[in-house]
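Now for the letters of each chain:
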Amino acid sequence: MKINLEKKDKRLIVVIVCIAFLALLAHLVIGTDGAGKVTVKVNGELKGTYSLAEDQEIEINGGTNILQIKNGRADMTEADCPDQLCVNQRAVSRQGESIICLPNKVIVEVESSESSELDAVTN
Amino acid sequence: MKSRVAYFGVFTALALIFSYVESLIPFQMGIPGVKLGLANLIIVVALYKMDLRETYLLSVTRVVLSGFLFGNYFSIIYSLAGGLLSLTVMACLKKRGGFSVMGISVAGGVFHNVGQLVVAMLVVETYSVMYYLPVLLIAGLVTGFLIGLVSNEMIKRLVNIQM
């Protein structure tokens, strides 16, 4: 089978790829720092939700973990656990991202202000 | 031509069968909402074989029937928006000339997804679904390309049918 592409076909494909790329770029630049919030759960229990818009430091679990929110990102700055995995993890800011400290059973999860949970699926 | 109605029936039946086959295959490709769009194959071929009014009629008939048979109320709205937008764009490109079946099919695939995204935006009333645009554009490009390959071959072999 021979694939015959006219000049305009190729141009169309290039344009579409460019638009897709631009849309992706725009999403990465604008879409990330919407007024999201993080939820903090300890042992499965919701301990609080904090806005990513304001800079703050949160002591979790009576001080075993310290979560720092700065410039719209949440970062675990201190933890008393031996592995320090959550501390070494990069800061989170996007919907669905999470920091998990397993030894202390702490889960920090980003939720955007608008819920993006699926409420309907069509085929 | 007296065989118009018969051909229209055959095309409708084919489009319906393709919709059915597609609903049987859990064709997921890891991305929700991305389908091959087999029925679009018929629409692309019809675009070249029928006049525009009948192609529109075929598209609407196909969507409504397959929606009632295999889908639900929402899938009809989504498919109708996608189908009509994609058909309109394809017809415009075909009229402008210079595009081969491949290009027209690619545009159709892409705008099918764009139309559905626009409806999703209106239904959910948020612009946040826009983050899905790049995925849908590329997916439409790929599926449109595949459909274009097949419809190109089909149109070549269907020389005897002209309505």
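No experiment lies behind these values; they were computed from the predicted model shown.

**Q** Honestly, the overall build of chain A in this entry has me stumped. Any pointers?
**A** Secondary structure assignment for chain A yields two helices and seven strands. Order of helices (α) and strands (β) in chain A, N terminus to C terminus: α-β-β-β-β-β-α-β-β. Out of the 123 residues belonging to chain A, those deemed buried represent 31%. In chain A, the share of contacts with a sequence separation of at least 24, taken over all contacts with a separation of at least 6, comes to 29%. Here chain A has roughly 8000 Å² of accessible surface; of this, 52% comes from carbon and sulfur atoms.

**Q** Just checking my understanding: could you explain the interface of chain A and chain B for this structure?
**A** Interfaces are frequently sized by the accessible area removed from exposure as the parts join. Residue-level contacts link 19 residues of chain A with 26 residues of chain B. In this assembly, chain A packs against chain B so that about 2000 Å² is buried in total across both faces, 74% of it on carbon and sulfur atoms. On the surface where chain A and chain B come into contact, there are zero salt bridges. At the surface where chain A touches chain B, the tally comes to three residue pairs in polar contact (both at pLDDT 80 or more). By residue class, the composition of the side of chain A that touches chain B is eleven nonpolar, four polar and four charged.

**Q** How should I be thinking about the confidence of the model for chain A in this particular structure?
**A** Low-pLDDT stretches of the model should not have their predicted coordinates read in fine detail. Here chain A shows a mean pLDDT of 79. Residues at 70 or above account for 84%. When pLDDT is averaged over each element of chain A, strand β4 (residues 65-70) of chain A comes out on top at 87 and strand β2 (residues 45-51) of chain A at the bottom at 83.

**Q** How should the sheet that holds strand β5 (residues 73-79) of chain A be read in this particular structure?
**A** Working definition: the strands of a sheet are paired by backbone hydrogen bonds and lie parallel or antiparallel to each other. Residues and elements named next belong to chain A. Here three strands make up an open sheet; going across it, the order is β3-β4-β5 and the pairing antiparallel. Of all strands in the sheet, those with a lone pairing partner are β3 (56-60) and β5, marking the two edges. Direction aside, the axes of adjacent strands within the sheet are offset by 25 degrees on average.

**Q** What is the right way to look at empty space enclosed by the protein in this model?
**A** The gaps left among the atoms become clear once a water-sized probe is rolled over them. Residues and elements named next belong to chain B. Evaluated as defined, the whole model comprises one cavity of 30 Å³ or more. Roughly 40 Å³ of internal volume is contained in the largest cavity. Forming the boundary of the largest cavity are Asn40, Ile43, Ser59, Arg62, Val63, Gly83, Ser86 and His112. When contributions to the lining of the largest cavity are tallied by element, the ones reaching two or more residues are α2 (38-49), α3 (52-70) and α4 (73-96). The element that contributes the greatest number of residues to the lining of the largest cavity is α3, accounting for three residues. Looking at the lining of the largest cavity, its residues break down into two nonpolar, five polar and one charged.

**Q** Even after reading the chapter, I still don't get the packing of aromatic side chains, so can you show me in this structure?
**A** Ring pairs (aromatic) are described by centroid distance and by the angle formed between their planes. Residues and elements named next belong to chain B. For the structure on display, the rule yields one aromatic pair over all chains. Each ring, one from tyrosine 20 and one from phenylalanine 70, has its centre 5.3 Å from the other, and the planes form 35 degrees; the classification is tilted. Remark: phenylalanine 70 occurs in helix α3 and tyrosine 20 occurs in helix α1 (residues 4-24); sequence separation between them is 50 residues. Given a relative accessible area of 39%, tyrosine 20 falls into the partly exposed group. Geometry around tyrosine 48 places lysine 94 over its ring, the cationic atom sitting 5.1 Å from the centre.

About the cut-offs
Residues numbered from 1 in each chain as written. Chains lettered and ligands numbered in written order. Predicted model: local features only at pLDDT ≥ 70, side-chain atom pairs only at ≥ 80, totals over all residues. Heavy atoms only, no water. Helix = DSSP H or I, 4+ residues; strand = E, 2+ residues; numbered from the N terminus. Buried < 20%, exposed > 50% of the residue type's maximum accessible area, 1.4 Å probe, protein only. Contact = heavy atoms within 4.5 Å. Areas by Shrake-Rupley, 256 points an atom, 1.4 Å probe, with all protein chains shown as cover. Buried area = accessible area lost by both parts, 1.4 Å probe. Salt bridge = Lys/Arg side-chain N within 4 Å of Asp/Glu carboxyl O. Polar contact = N/O pair within 3.5 Å; in protein donor to acceptor, adjacent residues only side chain to side chain. Nonpolar A, V, L, I, M, F, W, Y, C, P; charged D, E, K, R; others polar. pLDDT = per-residue confidence, 0-100. Pairing = 2+ DSSP bridges. Axes fitted to C-alpha atoms, helices over the stretch in contact; angles between N-to-C directions. 1 Å grid on protein atoms, 1.4 Å probe; cavity = no way out; pocket = protein on both sides within 12 Å on 5 of 7 lines; lining within 4 Å. Points joined across faces, edges and corners; volume = space filled by probe spheres on them. Phe/Tyr/Trp six-rings, centres within 6.5 Å; stacked < 30°, edge-to-face > 60°. Lys NZ or Arg CZ within 6 Å of the ring centre and 35° of its normal.

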